[in-house]
Amino acid sequence: MAAMVDMAVDAGVPLVEMVDVGKSYGVIQALRGVSLRVNAGEVTCVLGDNGAGKSTLIKIMSGLHQQSEGALRVDGEEVRFGSPREALDRGIATVYQDLAVVPLMEVWRNFFLGSEVRKRLWPFNPLDAEGMRRTARAELSKMGIELDDVNQPIGTLSGGQRQCVAIARAVYFGARVLILDEPTAALGVKQSGVVLRYIARARDAGLGVVLITHNPHHAYLVGDHFVVLKRGQMSLDGKRDEITLDELTQQMAGGDELEALTSELRRAQV
Amino acid sequence: MSQTLERPPEAAVPKRPARPSLLYRAFVRPETGSLVGAIAILIFFAAVAPPFRQLTSAATVLYASSTIGIMAIAVALLMIGGEFDLSAGVSVVTAALTASMLSYELSLNLWVGTLVALVVALAIGWVNGYLVVRTGIPSFLVTLGTFLMLQGLNLAVTKMITGTVATRNISDMDGYDSLRAVFASQFTIGGVAIRVTVLWWLLFVAVSSYVLLRTRIGNWILAVGGNADSARAVGVPVNKVKVGLFVTVGFLAWFTGMHLLYSFNTVQSGEGVGNEFRYIIAAVIGGALLTGGYGSTIGSAIGAFIFGMTTQGIVYAGWDPDWFKFFLGIMLLLATVTNLWVRRLATRRG
Ligand SMILES: Nc1ncnc2c1ncn2[C@@H]1O[C@H](COP(=O)(O)OP(=O)(O)OP(=O)(O)O)[C@@H](O)[C@H]1O
Ligand SMILES: [Mg+2]
């Protein structure tokens, strides 16, 4: 696996590549001229303010939307995904902040949703419930989530745990590219740590990770490559060694705007 | 290709605490509340209405329950899948009218009319489903539309063809005997006459419950009603599942319609209105969540059984049947409160 990954990197063929991609929703141009590469064993962070177009960007990669212009390549081959299933079949899995799980369904059912294991038994081909329970429990405990019971509704887990179940599911089903839309947005410090640690493990296992976040600190903790979007366009694109946390924070907050805001708030306090 | 992440040292994995007891897990099933309610009602009527205690009464109660219960299964599945069907009551009558009038007017074997009615009923379900998934209009509105259309069609077409509001008697036509055996016969066990719909009902409940809990389709139904967007994101064919559920309602509407036709031999075209709520109420009493994603078809059966017990129980107690609606209202409220409470327990943190 590692050898294969190295070869792919050497050959310079990214797992996913976007070239000059644009997307408009009717008259709203949500994205324009965005280029991005997702390499195996790297975390690519996409940052930006509300409405910058981050979700739009990853929805194109994950097959929920199609780009209006530009090209999307997977393993160097140009593709247009018609549905999330097609993206999944190419190994691109997405974990959405708000639509990661079905709250009232049991943990194991959520884990296997859409990829259920079935027994060959006429006429119904029933679910292999015991097998799926066992696998779900084992996979979750590998990433440090110890549940009393995989039969409990997933809505009873904490936000971080739910997020981790969704990530573990994607990894288990052979994702090569893992797209995470603001996985830490609703989480406290400790829970965010759990998720970030898991992202790092996925990266070390050779996955290409795309991390969407508002938080430059979280991005800088795990990121190898940073892209900042502003009103649908790229305002920064750099590797980890080309950029500091301060620069990233500055870019995120809109640079000068932040300084103006800082002095304004200072004065207000006096 | 399946990857696994690095495993932490074995010692770091704490031992998994024991599973919650079976009793607890049974307690938090969707149908638990309704089961308690059904037992209470059973005891109540057995106490106040002596005829209720007889075995023949049990058969009558079961029959009354089955006529609601068969449709309540499909309606419950649809609700678990996050949708409603207000046309469920009148489409039963549409199916019965189709089979009856088509066979009679064209002098066909009743089997032909019955199969055409099946196609019509499935088509009604399909149209409902297709409109809901394609337009995104809430199913409450779409099926309110089809409800009104079918109600009008039932009456208008019947009057146009027969000149009255009812269809002609079909009991001397070809195929009648075999069809009556399938849909409306009865048999005797230990001196008690049991209607065949009771058996069909139990069979449908068993199959649907197995499908819901133990098959992939069932998993998808729960997911589609629980969170359609996240189901779609992991590759569940949300639209197909929803259309399939509406078609299932169509199928059982046909079945119920055929029972209606072959047990009375003639169909009143204005019937069926209001039954859609009976089905929905049975499903809700049985623990189906109005917003979807939770419920059971066994629950819908218990809900229908409560219906049957109450209608018959009031008769056996010698009360004015008007009390039925009052009882129904109380039961619906009690059931929803109990179900809410059970679900809270089920989804409690920790
Ligand atoms: N389905 C849609 N139809 C029309 N406009 C849309 C749609 N989805 C997004 N937009 C618009 O596209 C722009 C980018 O939205 P997007 O959701 O990609 O932003 P974002 O960077 O993810 O923001 P946030 O940080 O708030 O999640 C916004 O102006 C938004 O209003
Ligand atoms: Mg977003």
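Residues numbered from 1 in each chain as written. Chains lettered and ligands numbered in written order. Predicted model: local features only at pLDDT ≥ 70, side-chain atom pairs only at ≥ 80, totals over all residues. Heavy atoms only, no water.

In the nomenclature of an unreviewed UniProt entry, chain B is known as Xylose transport system permease protein XylH of Planosporangium mesophilum. Quoted verbatim from the Subcellular location (unreviewed entry) field of the UniProt record, the comment on chain B reads "Cell membrane". The UniProt entry for chain B carries the following text under Function (unreviewed entry): "Part of the binding-protein-dependent transport system for D-xylose. Probably responsible for the translocation of the substrate across the membrane." (UniProt positions renumbered as here; feature names shortened; annotations may be inferred.)

In the nomenclature of an unreviewed UniProt entry, chain A is known as Sugar ABC transporter ATP-binding protein of Planosporangium mesophilum.

Things to note about the overall build of chain B
Along its length, chain B carries 14 helices and 2 strands. Expected size for 350 residues packed as a compact globule is a radius of gyration near 20 Å; at 22 Å, chain B falls within 12% of this value. Dimensions of chain B, computed from the C-alpha atoms along their principal axes, are close to 80 × 55 × 35 Å. In chain B, buried positions account for 51% of the 350 residues. (Helix = DSSP H or I, 4+ residues; strand = E, 2+ residues; numbered from the N terminus. Rg over C-alpha atoms; globule rule 2.2 N^0.38 Å. Buried < 20%, exposed > 50% of the residue type's maximum accessible area, 1.4 Å probe, protein only.)

Some points on the overall build of chain A
Per the secondary structure count, chain A includes 10 helices and 10 strands. Against the 2.2 N^0.38 benchmark of 18 Å for 270 residues, chain A shows a C-alpha radius of gyration of 20 Å, consistent with a compact globule. Across its three principal axes, chain A shows a C-alpha extent of roughly 70 × 50 × 40 Å. Here chain A holds 270 residues, and 52% of them are scored as buried. Just so you have it, chain A exposes about 12,000 Å², and 50% of that area is on carbon and sulfur atoms. Once the 30 positive and 34 negative side-chain charges of chain A are each reduced to a mean point, those two points are 6 Å apart. (Areas by Shrake-Rupley, 256 points an atom, 1.4 Å probe, with all protein chains shown as cover. Lys, Arg positive; Asp, Glu negative; His and termini not counted. Charge placed at Lys NZ, Arg CZ, Asp CG, Glu CD.)

Structural notes on the sheet that holds strand S7 (residues 177-181) of chain A
Residue and element names in this part refer to chain A. An order of S6-S7-S8-S3-S9-S10 is seen for the 6 strands of this open sheet, with the pairing classed as mixed. Two strands lie at the open edges of the sheet, namely strand S6 (92-95) and strand S10 (233-239), each paired on one side alone. Ignoring which end each strand starts from, the neighbouring axes of this sheet average 15° apart. Taken together, the 5 bridges between strand S3 (residues 43-48) and strand S8 (residues 208-213) define a ladder with parallel strand orientation. Counted as the bridge partner of Leu47 is Thr213 from S8. (Pairing = 2+ DSSP bridges. Axes fitted to C-alpha atoms, helices over the stretch in contact; angles between N-to-C directions.)

Here's the deal with the site of ligand 1
Residues and elements named next belong to chain A. As a matter of local geometry, ligand 1 sits amid 13 residues, with Asn50, Gly51, Lys54, Ser55 and Thr56 nearest to it. His214 is positioned with one of its side-chain polar atoms (N or O) 3.1 Å from an oxygen atom of ligand 1. In terms of residue count, helix H2 (residues 54-61) provides more of the shell around ligand 1 than any other element does, 3 residues in total. (Near = heavy atom within 4 Å. Polar contact = N/O pair within 3.5 Å; in protein donor to acceptor, adjacent residues only side chain to side chain.)

With respect to helix H5 (residues 110-135) of chain B
All names here are of chain B. Given a rise of 1.5 Å per residue, 26 residues ought to cover 38 Å, and the 37 Å separating the end C-alpha atoms of H5 matches this to within 8%. Considered for burial, the residues of H5 that qualify are Leu110, Gly113, Thr114, Ala117, Leu118, Ala121, Ile124, Gly125, Asn128, Gly129, Val132 and Val133. Here the buried face of H5 lies against helix H4 (88-106), helix H6 (139-162), helix H7 (176-184) and helix H11 (238-264). Between the side-chain oxygen at the start of H5 and the backbone nitrogen of Trp111 there is a gap of 2.8 Å, and the oxygen is on Asn109. Of the residues one or two after H5, Gly136 is the one with positive phi, at around 75°. (Expected span 1.5 Å × (residues − 1). Contact = heavy atoms within 4.5 Å.)

As for H7 of chain B
Residues and elements named next belong to chain B. Among the residues of H7, Tyr176, Leu179, Phe183 and Ala184 are the ones counted as buried. The buried side chains of H7 occupy one side of the element, clustering within an arc of 85° when seen end-on. Where H7 is buried, its residues touch H5, strand S1 (186-189), strand S2 (192-195), helix H8 (196-214) and H11. (Arc of directions from axis to C-beta.)

Brief notes about the packing of aromatic side chains
For the structure on display, the rule yields 29 aromatic pairs over all chains. Summarising the aromatic geometry, the rings of Trp126 of chain B and Tyr130 of chain B are spaced 4.8 Å apart at their centres and angled 20° between planes, so their arrangement reads as stacked. Remark: Tyr130 of chain B and Trp126 of chain B occur in helix H5; sequence separation between them is 4 residues, near one turn of the helix. You can call Tyr130 of chain B partly exposed: its relative accessible area is 34%. Within the aromatic cluster, the residues linked to one another by ring pairs are Tyr176, Phe183, Trp200, Phe204, Phe251, Trp254, Phe255 and Tyr262 of chain B. Geometry around Tyr220 of chain A places Arg240 of chain A over its ring, the cationic atom sitting 4.5 Å from the centre. Positioned above the aromatic ring of Tyr63 of chain B, the side-chain terminus of Arg195 of chain B is 4.2 Å from the ring centre. (Phe/Tyr/Trp six-rings, centres within 6.5 Å; stacked < 30°, edge-to-face > 60°. Lys NZ or Arg CZ within 6 Å of the ring centre and 35° of its normal.)

A closer look at the sheet that holds strand S1 (residues 16-25) of chain A
Hydrogen bonds between backbone atoms are what pair the strands of a sheet, whose relative direction is either parallel or antiparallel. All names here are of chain A. One open sheet holds the 4 strands; their spatial order is S2-S1-S4-S5, and the pairing between them is antiparallel. Lying at the two open borders of the sheet, with one neighbouring strand each, are strand S2 (28-38) and strand S5 (77-79). Between one strand axis and the next, the sheet turns through 35° on average, direction left out of account. Relative to strand S4 (residues 69-74), S1 runs antiparallel, the two sharing 5 bridges.

Section: the packing of helix H3 (residues 55-80) of chain B against helix H12 (residues 275-285) of chain B
Between two packed helices, both the angle of their axes relative to each other and the distance between the axes serve to describe the pair. Residue and element names in this part refer to chain B. As a packed pair, H3 and H12 sit with axes 8 Å apart at the nearest point and diverge in direction by 70°. Classified by the angle their axes make, H3 and H12 are roughly perpendicular. Taken as a pair, H3 and H12 cross one another with a handedness that is right-handed. Touching Thr67, Ile68, Met71, Ala72, Val75, Ala76 and Met79 of H3 are Arg278, Tyr279, Ile280, Ala282, Ala283 and Val284, all from H12. (Parallel < 35°, antiparallel > 145°, perpendicular 65-115°, else oblique. Left-handed = near helix turned anticlockwise from the far one by under 90°.)

Points about the side chain of His225 of chain A
All names here are of chain A. Looking at the secondary structure, you find His225 in strand S9 (residues 225-230). At 2.9 Å, the side chain of His225 forms a polar contact with the side chain of Asp237. Excluding residues within four positions of it along the chain, His225 makes contact with Val43, Thr44, Cys45, Asp237, Gly238 and Lys239.

Remarks on a nonpolar patch on the surface
Residues and elements named next belong to chain B. Among the surface-exposed residues, Phe44, Val48, Trp319, Trp323, Phe326, Ile330 and Leu334 lie close enough to one another that they form a single nonpolar patch of about 660 Å² accessible area. Broken down by secondary-structure element, the contributors of at least two residues to the nonpolar patch are helix H2 (32-48) and helix H14 (323-346). Within the secondary structure, Val48 sits in helix H2. (Patch = residues over 30% accessible without salt bridge, like charges linked within 9 Å, V, L, I, M, F, W, Y side chains within 5 Å. Salt bridge = Lys/Arg side-chain N within 4 Å of Asp/Glu carboxyl O.)

What to know about the nonpolar core
By size, the foremost hydrophobic cluster in this structure holds 90 residues, and its most contacted members are Trp254 and Tyr262 of chain B. Counting 49 residues, the second largest nonpolar core, distinct from the first, contains Val95, Leu127, Ala136 and Ile145 of chain A. (Core = buried A, V, L, I, M, F, W, Y, C linked by side-chain atoms within 4.5 Å.)

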